[in-house]
Amino acid sequence: MDLWTRLLLGMTAAAVLGYISLVYGSCASDPDCHFRLCAGRRSLCGVDHTHLPGR
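This section reports on the structure supplied with the text. Since the model is a prediction, treat every value here as computed from it, not as a measurement.

Some thoughts on the environment of His49
Next, step 1: Checked against the element boundaries, His49 lands in strand S2 (residues 44-49).
Next, step 2: In the structure, His49 is positioned 15 residues away from His34 in sequence and 6.4 Å away in space, judged by C-alpha atoms.
Next, step 3: Apart from the residues within four sequence positions on either side, His49 is in contact with Asp30, Asp32 and Cys33.

Structure follows, in structure tokens:
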């Protein structure tokens, strides 16, 4: 694997990890943010931002 390929793979990995940490990290500090499960209920599909009454 040449240097250019390693650089592009490293930049892609950094972008993906940065996006995941931004979305899921900011959700962890917000009480109205909840993780949304996929249809099979075995993995996370994203986050929902809903205000629950009574909070």
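Description of the environment of Leu22
Next, step 1: Tracing the backbone shows Leu22 in helix H1 (residues 3-28).
Next, step 2: Overall, Leu22 belongs to the exposed group, its relative accessible area being 57%.

Rules and cut-offs
- Residues numbered from 1 in each chain as written.
- Predicted model: local features only at pLDDT ≥ 70, side-chain atom pairs only at ≥ 80, totals over all residues.
- Heavy atoms only, no water.
- Helix = DSSP H or I, 4+ residues; strand = E, 2+ residues; numbered from the N terminus.
- Contact = heavy atoms within 4.5 Å.
- Buried < 20%, exposed > 50% of the residue type's maximum accessible area, 1.4 Å probe, protein only.

Honestly, that's just the spatial picture; any functional story needs more than this.
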